[in-house]
Amino acid sequence: MSRLAVLDNLQNRTPLIAPSLLKCDFGDLGGEIGRLERAGAELLHWDVMDGHFVPNLSYGAPVIESLRRRTRLPFDAHLMISEPARYLDDFLRAGCELITIHVEAVPDPASLLRRIRQGGAAAGIALNPNTPAAAIEGVLDECDLVLVMSVEPGFGGQKFLPSALDKLRRLRGLMGETALLAIDGGIDPQTIGPAAEAGANIFVAGSAIFDADDYGPAIERLRRSSLAMTEDRSQLTTDN
C-alpha cells in the first residue's frame, strides 16, 4: 500500500487504538498479532529501543520483518534510537508503513523525514514529555504524523503525564483537524477521554489491552471512550 493510501485509510478510521507490542508476549509474537487482529486492532505500534536513547532494549527490524507476512495490519515503527538514519533502510525493507523518529535524536529531522517519505512510508515525528511543541513547528510540513509522549520513553506501564494535554491542544491547532496526532503512554479508559478531547486521534495503548483476558472488549472500551470525546470535540468545533 502506498504512503498516501495508508494515510487516507488511517484518517478515515480515526479515532484509532494502536496496541503497543512492547507489552505483548514476546514468546508468541505471531499469536499475539493474530489475537489483536481478531480483536479489531487497526494499527500495530512497534516500540524499537536501543538501550542508549532510552534505557531499555526491545526488538529490531529483523523481528518486525519476520512478522510482516503474518498480517495486513499497518505497522508503525516508533524508533526510540540514537541513530535512526543509520537503520532507516532496514525498517523500510521490513515493510513498515509508518516510521516515527524522535526530534531529540537527530540534528536535522526534516531531511530524515523526507527520506522516510521517499522510501514509500509515512513519516512521523515524536516528542518526549519535556520537549515543547515549538521544537517541531518547523518540520510539520515534512511529516504525516506527530506522536506526543505522555510518559518518559523506555518502559511500559507508566502513569499518564497530564502535561501532555496542553501540548496536544497546541499541536492540534497547528496541524488542523484531520491530521494524525498520536499519544503514547499511560493510555487507559480514564486517560483516553481527556487525550481525545485535547485533539489526539491515535492512541497507543499497552497495559490497558495486554493486561486484559480478552483483547476485543479492552480495545472496544478504549475506542468507545475516545469516540465519545472526539464527537463532542467535533461538535464544539462546528458550533464555533
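Note: the structure precedes this text.
What comes next concerns the included structure. (Residues numbered from 1 in each chain as written. Predicted model: local features only at pLDDT ≥ 70, side-chain atom pairs only at ≥ 80, totals over all residues. Heavy atoms only, no water.)

1. Concerning the overall build of the chain
Here is step 1 of the chain: Helix and strand counts for the chain stand at nine helices and eight strands.
Here is step 2 of the chain: The C-alpha atoms of the chain give a radius of gyration of 16 Å, which matches the 18 Å a tight globule of 240 residues would have.
Here is step 3 of the chain: By its C-alpha atoms, the chain is 50 × 45 × 35 Å across when sized along the principal axes.
Here is step 4 of the chain: For the chain, with 240 residues in total, the buried portion stands at 54%.
Here is step 5 of the chain: Pairs at least 24 apart in sequence give 63% of the contacts found in the chain among residues at least 6 apart. (Helix = DSSP H or I, 4+ residues; strand = E, 2+ residues; numbered from the N terminus. Rg over C-alpha atoms; globule rule 2.2 N^0.38 Å. Buried < 20%, exposed > 50% of the residue type's maximum accessible area, 1.4 Å probe, protein only. Contact = heavy atoms within 4.5 Å.)

2. With respect to the side chain of His102
Here is step 1 of the chain: You can see His102 is positioned in strand β4 (residues 98-102).
Here is step 2 of the chain: Taking relative accessible area as the criterion, His102 reaches 0% and is therefore assigned buried.
Here is step 3 of the chain: A polar atom in the side chain of His102 sits 3.4 Å from the side chain of Asn128.
Here is step 4 of the chain: With sequence-adjacent residues up to four places away left out, His102 is seen in contact with Phe53, His78, Leu79, Met80, Ala126, Leu127, Asn128 and Met149. (Polar contact = N/O pair within 3.5 Å; in protein donor to acceptor, adjacent residues only side chain to side chain.)

3. Things to note about the packing of helix α4 (residues 84-93) against helix α5 (residues 109-118)
Here is step 1 of the chain: In the contact formed by α4 and α5, the axes pass within 11 Å of each other and the chain directions differ by 15 degrees. Looking at the two axes, α4 sits roughly parallel to α5. Classified by chirality, the crossing of α5 by α4 is right-handed. Along the contact surface, α4 presents Pro84, Ala85, Leu88, Asp89 and Leu92, while α5 presents Leu112, Arg115 and Ile116.
Here is step 2 of the chain: The residue inventory of the contact of α4 with α5, partitioned by class, reads six nonpolar, no polar and two charged. (Axes fitted to C-alpha atoms, helices over the stretch in contact; angles between N-to-C directions. Parallel < 35°, antiparallel > 145°, perpendicular 65-115°, else oblique. Left-handed = near helix turned anticlockwise from the far one by under 90°. Nonpolar A, V, L, I, M, F, W, Y, C, P; charged D, E, K, R; others polar.)

4. Side note on the environment of Leu147
Here is step 1 of the chain: You can see Leu147 is positioned in strand β6 (residues 145-149).
Here is step 2 of the chain: Remark: the alpha-carbon pair of Leu147 and Phe75, spanning 72 residues in sequence, is separated by 15 Å.

5. Quick notes on the nonpolar core
Here is step 1 of the chain: Within the largest apolar cluster, 71 residues are counted, with the highest numbers of intra-cluster contacts made by Trp46, Val146 and Ile183.
Here is step 2 of the chain: In terms of residue count, the dominant contributor to this core is helix α6 (residues 164-175) (five residues).
Here is step 3 of the chain: Once residues within four sequence positions are removed from consideration, Ile183 is found in contact with Leu147, Val148, Ser150, Phe160, Ala164, Leu168, Ala195, Ala200, Ile202, Phe203 and Val204.
Here is step 4 of the chain: Ranked by size, the runner-up nonpolar core spans 17 residues in total, among them Leu10, Leu43, Leu147 and Val204. (Core = buried A, V, L, I, M, F, W, Y, C linked by side-chain atoms within 4.5 Å.)

6. Concerning the sheet that holds β4
Backbone hydrogen bonds hold the strands of a sheet together, and the pairing may be parallel or antiparallel.
Here is step 1 of the chain: Strand order in the open sheet formed by eight strands is β1-β8-β7-β6-β5-β4-β3-β2, and the pairing between neighbours is parallel. In the strand order of this sheet, the two ends are held by β1 (16-19) and β2 (44-49), each with one partner. Taken pair by pair, the neighbouring strands of this sheet meet at an average axis angle of 25 degrees, ignoring direction.
Here is step 2 of the chain: Strands β2, β3 (75-80) and β4 of the sheet are contacted by α4, whose axis makes an angle of about 170 degrees with β4. (Pairing = 2+ DSSP bridges.)

7. Observations concerning the pairing of β3
Here is step 1 of the chain: Within β3, six of the six residues are buried, which leaves it mostly tucked inside the rest of the structure.
Here is step 2 of the chain: A two-sided burial pattern is seen for β3, the buried positions comprising Phe75, Ala77 and Leu79 on one face and Asp76, His78 and Met80 on the other.
Here is step 3 of the chain: With six bridges joining them, β2 and β3 adopt parallel strand pairing. Residue pairing for β3: Trp46 is matched across the bridge by Ala77.
Here is step 4 of the chain: Between the parallel pair β2 and β3, the chain is carried across by helix α3 (residues 61-68), and the sense of this crossover is right-handed. (Right-handed = clockwise from strand over helix to strand, strands pointing away.)

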